[in-house]
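Reading the structure
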Amino acid sequence: MRRWLPLLPLTLIAAVPSFDWGFRRGLEPLPVQGAPGPDRCGRCHAEVDDWKGSRHHSAWSNDIFQAGYILEPQAFCVNCHAPLPEQGDEIEVNHPWYLAMHPESKAPLPAKQPERKADQGIHCSVCHWREGEVLAPKRSGKAPHPVREAPEMSDPAFCKSCHEFPMPAFHGGEIRVTETPMQSTWTEWAAYAAANGKGTCQSCHMPDGKHTFKGGHDIDLLRASVQVDVAVNGEEAVFTLRSVGVGHHFPTGDLFRNLQLQVKENGEWMTLRRFGREFELTPEGTEIVKRLVQETSLVPGVPQEVPAPRGLPWRLDYHYGAPLDEVAGLVPYDRLVVTLLEGTTP
Ligand code: HEC
Ligand code: HEC
Ligand code: HEC
Ligand code: HEC
Ligand code: HEC
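Residues numbered from 1 in each chain as written. Chains lettered and ligands numbered in written order. Predicted model: local features only at pLDDT ≥ 70, side-chain atom pairs only at ≥ 80, totals over all residues. Heavy atoms only, no water.

**Comments concerning the overall build of the protein**
Along the backbone of the protein there are 13 helices and 13 strands. Within the span of the protein, comprising 346 residues, buried residues form 42% of the whole. In the protein, once contacts between residues fewer than 6 apart in sequence are set aside, the share between residues at least 24 apart is 61%. (Helix = DSSP H or I, 4+ residues; strand = E, 2+ residues; numbered from the N terminus. Buried < 20%, exposed > 50% of the residue type's maximum accessible area, 1.4 Å probe, protein only. Contact = heavy atoms within 4.5 Å.)

**Regarding the coordination of the iron atom of ligand 1**
Binding of the iron atom of ligand 1 to the protein goes through H128 (NE2) and H211 (NE2), at separations of 2.0 to 2.1 Å. If you look at the iron atom of ligand 1, its six donor atoms make angles of 88 to 179 degrees with each other, and the shape they trace is octahedral. Note that H128 is positioned in helix α7 (residues 124–128) and H211 in the loop between α10 (201–205) and α11 (219–224), a separation of 83 residues in sequence. (Donors = N, O, S within 2.8 Å, 3.2 Å for Na, K, Ca; no water. Tetrahedral: all angles 85-135°; square planar, octahedral: opposite > 155°, others 65-115°.)

**Details of the sheet that holds strand β6 (residues 226–233)**
Strand pairing within a sheet occurs via backbone hydrogen bonds; the two strands may be parallel or antiparallel. An order of β6-β7-β11 is seen for the three strands of this open sheet, with the pairing classed as antiparallel. Whereas interior strands pair on both sides, the edge strands pair on one side only; in this sheet they are β6 and β11 (304–309). When strand polarity is set aside, the average angle formed by the axes of neighbouring strands in this sheet is 25 degrees. Where strand β7 (residues 236–243) meets β11, six bridges bridge the pair, whose relative direction is antiparallel. (Pairing = 2+ DSSP bridges. Axes fitted to C-alpha atoms, helices over the stretch in contact; angles between N-to-C directions.)

**Topic: the coordination of the iron atom of ligand 2**
Donation to the iron atom of ligand 2 from the protein comes from one atom only, H81 (NE2), at 2.1 Å. When you line up the elements, H81 lands in helix α4 (residues 75–81).

**Comments concerning the site of ligand 5**
As a matter of local geometry, ligand 5 sits amid 25 residues, with C201, C204, H205, H248 and Y318 nearest to it. Within the backbone of T252, an N or O atom sits 2.8 Å from an oxygen atom of ligand 5. Interatomic distance of 3.0 Å between a side-chain N/O atom of R257 and an oxygen atom of ligand 5. Of all the secondary structure elements, the ones that give two or more residues to the shell around ligand 5 are α8 (156–163), α9 (185–194), α10 and α11. (Near = heavy atom within 4 Å. Polar contact = N/O pair within 3.5 Å; in protein donor to acceptor, adjacent residues only side chain to side chain.)

**Some words on the site of ligand 4**
Contacts to ligand 4 come from 21 residues, most closely from H56, C159, C162, H163 and R257. Here an oxygen atom of ligand 4 sits 3.4 Å away from a polar atom, N or O, in the main chain of H217. With respect to ligand 4, the side chain of R257 contributes an N or O atom lying 2.8 Å from an oxygen atom. Elements with a contribution of two residues or more to the shell around ligand 4: α8 and α10. Considered class by class, the residues forming the shell around ligand 4 number nine nonpolar, nine polar and three charged. The residues that make up the shell around ligand 4 include at least three from each of domain 1 (38–154) and domain 2 (181–207 + 215–344). (Nonpolar A, V, L, I, M, F, W, Y, C, P; charged D, E, K, R; others polar. Domains from an automatic or database assignment.)

**Brief notes about the pairing of β7**
In terms of burial, β7 is a largely internal element, six of the eight residues being buried. Alignment of β6 against β7, held across eight bridges, turns out to be antiparallel. Looking at the pairing, D229 lines up with T240 of β7. Count of turn residues in the β6/β7 antiparallel hairpin: two residues, of which G234 carries a positive phi of about 65 degrees.

**A short note on the environment of D50**
Position of D50 relative to the elements: it lies in helix α2 (residues 47–52). The class for D50 is partly exposed, based on a relative accessible area of 27%. C-alpha of D50 to C-alpha of K214: the two residues are 164 residues apart in sequence and 10.0 Å apart in space. In contact with D50, other than residues within four places in its own chain, are K210, H211 and T212.

**Section: the pairing of strand β8 (residues 258–265)**
Of all eight residues that make up β8, six are buried, and the element is covered over most of its length. Where β8 lies against strand β9 (residues 268–284), eight bridges are found, and the strand directions are antiparallel. Following the sheet pairing, L259 is matched in β9 by F275. Hairpin connection of β8 to β9: two residues between the antiparallel strands, including N266 at a positive phi of 50 degrees. With six bridges joining them, β8 and strand β12 (residues 313–319) adopt antiparallel strand pairing. Across the sheet, residue L261 finds its bridge partner in β12, namely L316.

**Re the sheet that holds β12**
Strand order across the open sheet formed by five strands is β10-β9-β8-β12-β13, with antiparallel pairing between neighbours. Strand pairing shows two members of the sheet lacking a second neighbour, β10 (287–295) and β13 (337–344), which therefore form its edges. Each strand of the sheet is rotated relative to its neighbour by a mean of 30 degrees, with strand direction disregarded.

Printed below as a string of structure tokens:
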């Protein structure tokens with residue numbers, strides 16, 4: 001039993017090891033070879049059931065990511081959404097887009113594989129497996145495998161390794177990072193924490209150590225995360241929107257995510273306010289780089305007021321993708337846009 005784990009002598013580690021577990025923010029694959037798959041860990045750990053329903057599991061295979069990747073097929077994306085070298089190797093020869101461009105290279109899918117490795121996305125080993133040892137915030141002394149204590153796993157800095165990174169730019173095939181953040185969830189959380197906001201990434205997204213990582217794809221959670229009040233002010237209705245129980249901007253994460261508060265006038269839905277980030281493409285030397293123009297997401301503790309005409313149907317929609325995704329048709333429209341709340345202005 002357990003022959004798959006090399007029996008390394010347990011080394012006593014006196015000091016907390018420095019925090020560099022190889023995450024490279026998309027610039028390179030994770031330098032971890034021969035990592036066990038999630039089914040191995042799942043033989044003994046029930047965490048596998050929660051993880052299977054998580055977005056970390058479908059980080060590579062989900063349709064919204066795939067639609068984005070088809071438009072921008074870069075190693076940069078692979079290095080974070082399917083970060084192990086063996087996952088990247090598989091994508092290079094098996095990705096539908098790559099196959100369409102290189103029909104001669106049709107490599108057969110690995111035999112007897114219940115799931116392709118890339119389809120396992122961000123699995124146990126991506127976060128837990130380094131050099132034949134399992135990283136854990138604490139050692140219980142009961143594990144039948146080598147364990148390396150990594151208390152920083154309980155720190156938001158661990159999640160920052162992938163949930164905060166800059167926009168890349170490309171020059172002659174070389175990648176470089178720019179000043180504009182592509183995602184900034186950790187910085188948003190740090191501002192919230194500095195203002196006495198309670199909770200960490202782990203306490204909110206892994207309650208009781210659960211590996212469900214609920215977020216923007218849990219509609220009930222989204223509905224519970226925003227409070228909308230509408231009052232009358234003379235001739236106008238006034239909306240007040242605030243986020244509830246969110247330890248960062250709402251929306252955060254992927255650059256395209258946004259909320260839209262709309263009213264229906266003369267049979268047409270019109271957007272009164274878009275909550276999210278807006279970018280523009282600017283030339284910089286021979287490159288085109290993306291720059292942040294404005295950020296209107298809901299910030300914890302900061303309500304936003306929006307005036308509106310009275311007596312009209314309204315709705316608050318959550319958009320997962322870019323406007324281009326919504327017309328491209330690669331993902332059905334009702335998977336890209338969901339209505340969180342609706343009503344009629346007083
Ligand atoms: C995205 C990163 C990530 C992935 C993927 C992940 N884990 Fe974890 N895991 C963590 C973090 C972070 C903690 C510590 C949570 C805390 O401190 O609250 C943890 C805690 C644990 C613990 C409890 C350790 C303790 O001391 O209580 C076990 C067991 C575990 N994970 C197993 C697994 C298994 C099995 C899988 C795959 C099915 C998996 N994890 C996938 C990040 C991850
Ligand atoms: C350094 C890590 C990293 C890199 C590099 C990266 N992403 Fe992501 N991506 C993330 C994280 C973290 C999220 C989760 C945030 C969220 O859910 O909003 C995410 C979410 C997404 C989503 C939203 C998926 C959904 O479930 O709704 C899309 C689409 C996406 N990424 C596409 C891409 C593409 C295309 C590239 C390459 C051009 C890329 N990503 C590069 C980390 C990365
Ligand atoms: C043969 C069964 C078995 C397999 C396979 C296994 N574990 Fe464990 N693991 C245990 C047991 C037993 C413990 C002791 C704590 C407990 O009972 O949960 C443990 C503990 C842990 C801990 C907490 C550290 C500690 O000292 O208690 C983490 C994290 C963990 N395992 C992750 C993993 C990951 C990730 C994999 C796959 C790479 C894996 N385990 C594979 C049985 C197993
Ligand atoms: C190896 C990179 C990596 C690490 C480490 C990581 N994540 Fe993620 N996470 C991702 C990617 C990529 C996605 C987006 C998957 C998708 O939908 O395409 C994601 C998705 C999520 C989501 C779901 C977002 C949604 O919209 O549904 C949550 C919540 C989340 N991560 C929380 C965490 C927390 C908390 C930690 C730290 C304990 C963590 N992640 C560590 C890469 C990572
Ligand atoms: C106080 C609790 C809390 C804390 C702390 C927190 N989150 Fe969240 N997070 C939420 C809630 C609630 C949602 C759902 C609303 C939303 O989508 O923003 C969410 C959503 C997300 C999403 C989905 C993207 C989106 O906005 O649609 C990601 C990714 C995420 N969190 C990652 C993180 C990371 C990484 C950290 C730590 C740096 C963190 N969260 C800290 C509560 C929290």
